[in-house]
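Okay, here's what each chain looks like letter by letter:
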Amino acid sequence: MHLISARVEHSLDQSLPLHLAGLTHMAEREGLSADDYFDLRAWWRGQGGTDIEAMVPVVEGHTLLDGRRVLVVGADWLAMPRAGTGANAVTVTGEFLSGEEVVADARLGVAAGESLTVAGRDYRIADVGETGLGPALFVDIAVAHRMLGLDADALSRVGLAGADPWQRWRRWLDRLMPGFSAGLPQRPSPALPGPAPADAGLQDAWRVLPVAAERPTAELARSVLFNLGALGGLALLVAWFLIYQVGVIWLRRQQLLFERLQVLGVGPGRLRRGFLTLFAALGLLATIVGVVLGALLAPLLVGLSAQGVDVNSGTPSGLAALDVWVLGKAAASGLGVCLLAGQGAFARAWRPREPSPWRRRLVIPALAAVALLGIGLDGSGVVGGFAAILAMSLLGVALVLPALALLRRAADRLRGRLTVRLALRDVAWYPRVLNVALAALTLAVATSIGIGVMVESFRLDFQRMLDIRLAGDLYVDRSGGNFDALDAWLAGQPDAARVVRFGEERIRIEGRPVELGYGRFDAAQSARYGYAGALQPGEALISENLARELDAGPGAALRAGPARLTVVGTFPGFGEAMGRVLVDEATLPRLNLPPRFDRLTVELAPGSRLADRLTAEFPDARVESRSDVRALALRIFDRTFAITQALTLLALTVAVVGTYNALTALRLQQAPTARLLAAQGMSDGQLRRIGVLRAGTLGGIAVVLALPLGLAMAWVLCTVINPRSFGWTVSLHLPAAGWLPPLLLGMGAAVLAGALPAPREQGVLHDAG
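Residues numbered from 1 in each chain as written. Predicted model: local features only at pLDDT ≥ 70, side-chain atom pairs only at ≥ 80, totals over all residues. Heavy atoms only, no water.

Examining the nonpolar core
Phase 1 of the analysis: In this structure, F462 and I701 are the most contacted members of the largest nonpolar core, which totals 71 residues.
Phase 2 of the analysis: It is helix α12 (residues 431–469) that provides the largest number of residues to this core, a total of 20 residues.
Phase 3 of the analysis: Apart from residues lying up to four places away in sequence, I701 is in contact with A403, L404, L407, V427 and L438. (Core = buried A, V, L, I, M, F, W, Y, C linked by side-chain atoms within 4.5 Å. Buried < 20%, exposed > 50% of the residue type's maximum accessible area, 1.4 Å probe, protein only. Helix = DSSP H or I, 4+ residues; strand = E, 2+ residues; numbered from the N terminus. Contact = heavy atoms within 4.5 Å.)

Structure (structure tokens):
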């Protein structure tokens, strides 16, 4: 997990656009000019104790380069802060400011050292890199004015570098768990001066947005990393339960020896130090073995859980992939948790006492309060949502002992077969041996249910969206060719029942970069996005994540450059990192955008062979059928969630090991009883049947406790975590494919753990015979 996350984080840093290096916010206002910038700069210099450390004027716009629409970004590079991260930041040098050189995005398809002509002037390409902005050029601010044909005092935005006293800790946490800062609340935006006169209009107000709004794809990737890291943390929590349980079992087996040593005069302090030393030695050995095996298994697990994702390129594998952060987390999880678990086990064994009633009355309401606050306070961010899941998990763990106590009262009144009563009695009368393993198994099954139900709910919503929107029989993309000729050819084909053209541009809505999709949105096309009626000029449909960011619903008016767009509806934008706006092609003149259609959908008459004729006529066109597009989307969906399913399966596997350990401890503790039963004529088969029934009872309790806990987790993931992380809500469904397999696996694994032979158990039975 760390290897995948570190690689993705490294790629995001490497693709940091030049004009954002070291900046934290971007400020803009309508009609922004050089005078506004100088006034803002004068205000900044005149302020005392301001949290702004740097200001950078930025010019941005589009120009045509060999018929392609190319983004041009110009900045005052001498004013850029030198705190930028990523390899791209080093290209901002004095040589770059010569005015005759540019830095190009790799999407342009050019190489360093080549020259290109823009607006009748030649420029040399000084460097090429990935910026995530598509075809783009980075130039000096004066050159940008010339390329874009702007007035000398025109500006687009002002970059701000805001002070953040927690920045060092954010970076430390990101190195410890890549992407962790995505779950933290965003730093507050710097306060800029408001309108000067009381009757000033909107054009005098500054709008300040975080730099994250300029890189929605990167923020989506970091949110994914945070969610995966948090889910991996749940698997690790189950492993910690197992380590604690091992300490309890081992100490219980050594208790007779320790009691004899205490009678001989050895104090509890020396006994504890000796026990912790031995436990730490085992933990150190397990950590070393685990690190080596984990490093060797990492490439295989990466290949299985991240199919189709380039996370290996340029990344060391095997033992070479180990760094101080991986080793530190391994030591904390192995050696550190061993010491804590050993200390807890020793304290529990030598000072056995039930928790005081006031502690029970305090802990449960406190956990409930954390869960409610994490769910109810939207400002708590993704961290609050996962804190709520953790609190709910601990509440579920707290129900284990009451469930065993309830079983104990039921077992006292149980009548029936002796083997059944003995199995239930063993589970009910030894809660201190089984409760940790039962808690781990419950948590693992609940996590599997929560993630499984969320994924299946997401899949159902995603399939429903595909079924509604994939109305065409053919999808044609010809971005590099003459699209008008293809469109004209289709108009003459009688079996092309309906042809709808689409185009896409990147624009800004309320200062945020968004994808603008346009085409002929009649009533039939709009209905596929949940709106009844044709889109009129100036009307727009916006994605759910953009509506959430802008707090805009139907009826809201949004500023899009020189125009205003009226929101008439929203639609789910599953998988879309950037906000999306859909308008009819008649709206383009208001936005000063020429229509550039690059794809279309075709609805065919029954029995049509148009696809073959189209491919023969236009070999450079990419033609895909509806079934192909749908199958590809679902394959990508399944690959996306492969790693989450692997993590939950890992947690379940670890919990099963803990169940086996607990049942083994119970068998060894019940060895005298087994001898007595064997002496009274009970067969080996009956004794094994008691063990299986005992394990089945344990698994039954686990699944009964895990089902409501898992469904509650799924609800939080769908309605809290997803909107805060990605901007869209997933409707909660309860398909059997989401919750039934984890229940069956948990129950089956518990029974299997009970059926496996325990160490020395065969010898015990033979001795009894």
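Let's pick the thread back up.
Details of helix α9 (residues 381–398)
Phase 1 of the analysis: Between its terminal C-alpha atoms α9 stretches 26 Å, which fits the 26 Å expected from 18 residues at 1.5 Å a residue.
Phase 2 of the analysis: Within the span of α9, buried status applies to G381, V382, G384, G385, F386, A388, I389, A391, M392, S393 and G396. (Expected span 1.5 Å × (residues − 1).)

Observations concerning the sheet that holds strand β11 (residues 496–509)
Phase 1 of the analysis: Pairing is mixed across the open sheet formed by 9 strands, whose spatial order is β14-β15-β13-β16-β12-β11-β17-β10-β18. A single partner strand is all that each edge strand has here, and the edge strands are β14 (557–560) and β18 (622–625). Direction aside, the axes of adjacent strands within the sheet are offset by 30° on average.
Phase 2 of the analysis: As judged from the 8 bridges shared by β11 and strand β12 (residues 512–519), these two strands associate in the antiparallel manner. Bridge pairing links I507 to V514 in β12.
Phase 3 of the analysis: Here helix α13 (residues 483–491) sits on the sheet in contact with β10 (474–477), β11 and β17 (597–604), set at roughly 15° to β17. (Pairing = 2+ DSSP bridges. Axes fitted to C-alpha atoms, helices over the stretch in contact; angles between N-to-C directions.)

Description of the pattern of salt bridges
A side chain of one charge can pair with a side chain of the opposite charge when the charged atoms of the two come close.
Phase 1 of the analysis: Summed over all chains, the structure comprises 27 salt bridges.
Phase 2 of the analysis: Among the salt bridges present, the one from R559 reaches E30, with a minimum N-O distance of 3.5 Å. Residue R559 is found in strand β14, and its partner E30 is found in the loop between β1 (25–28) and α2 (34–46); the two are separated by 529 residues along the sequence.
Phase 3 of the analysis: Between R207 and E510 there is a salt bridge, with the nearest N and O atoms lying 2.9 Å from each other. (Salt bridge = Lys/Arg side-chain N within 4 Å of Asp/Glu carboxyl O.)

A word on the packing of helix α20 (residues 684–726) against helix α21 (residues 736–755)
Axis angle and axis distance: for two packed helices, these are the angle between their axes and the distance between the axes, and together they describe the pair.
Phase 1 of the analysis: Between α20 and α21, whose axes approach to 7 Å, the crossing angle comes to 155°. When the axis of α20 is compared with that of α21, the two are roughly antiparallel. Where α20 crosses over α21, the handedness of that crossing is right-handed. Where α20 abuts α21, its residues G691, V692, A695, G696, G699, G700, V703 and L707 lie against W739, L743, M747, A750, V751, G754 and A755.
Phase 2 of the analysis: Its residues assigned to classes, the contact of α20 with α21 shows 10 nonpolar, 5 polar and no charged. (Parallel < 35°, antiparallel > 145°, perpendicular 65-115°, else oblique. Left-handed = near helix turned anticlockwise from the far one by under 90°. Nonpolar A, V, L, I, M, F, W, Y, C, P; charged D, E, K, R; others polar.)

Read these as geometric descriptors, not functional statements.
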